[in-house]
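This is what each chain is made of:
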Amino acid sequence: MWKIPLLAKEKGKSGVNRGQDKGCYPLARPLPIFYMSDYSVLGLLVDQLEEAVRVLGENQFSVLDEDGDLEVVMNHPGQLPEIVRLLGGKGIGSEIADVVSGIYQG
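Residues numbered from 1 in each chain as written. Predicted model: local features only at pLDDT ≥ 70, side-chain atom pairs only at ≥ 80, totals over all residues. Heavy atoms only, no water.

Mapping Ile 4 onto the fold places it in strand 1 (residues 2–8). With 40 residues separating them along the chain, Ile 4 and Leu 44 place their C-alpha atoms 6.9 Å apart. Other than its neighbours up to four places away in sequence, Ile 4 contacts Leu 42, Gly 43, Leu 44, Leu 70, Glu 71, Val 72, Met 74 and Leu 80. (Helix = DSSP H or I, 4+ residues; strand = E, 2+ residues; numbered from the N terminus. Contact = heavy atoms within 4.5 Å.)

Take a look at the structure:
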């Protein structure tokens, strides 16, 4: 099972991004021991968050909501382009992007 974060492209557009700005996905997993400050988390940014959640649910894609952090569940990473096409077909803009803007290595 694969999971990918689902966030609104911009705060305040069709579903507030749960109070988070683009690029501020809270890390729900520990950092690798040796990440050499080149760490990223691949996510799916959508322009209509609430509608995207509805469309995904209607098309057999589970969306997990853990304290406001949304993640789409996939059987394999090859389903990501299918999700982007599905959303685009419903008029929902989406992009695959790094959702972690920066990590401080102290």
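Right, picking up where we left off after that structure.
Of note, Gln 79 is situated in helix 2 (residues 79–89). Within the structure, the side chain of Gln 79 is placed 2.5 Å from the backbone nitrogen of Asn 75, a separation counted as a polar contact. Among residues more than four places away in sequence, those in contact with Gln 79 are Phe 61 and Met 74. (Polar contact = N/O pair within 3.5 Å; in protein donor to acceptor, adjacent residues only side chain to side chain.)

Across the sheet, five strands lie side by side as 3-4-1-2-5; this open sheet has mixed pairing. Sheet topology places strand 3 (63–66) and strand 5 (94–98) at the edges, where each strand pairs with a single neighbour. Going across the sheet, the axis of each strand differs from the next one's by a mean of 35 degrees, ignoring polarity. Judged from the three bridges that link them, strand 1 and strand 2 (residues 42–46) form a sheet pairing that is parallel. (Pairing = 2+ DSSP bridges. Axes fitted to C-alpha atoms, helices over the stretch in contact; angles between N-to-C directions.)

So far we have only geometry, and geometry alone does not tell us how the molecule works.
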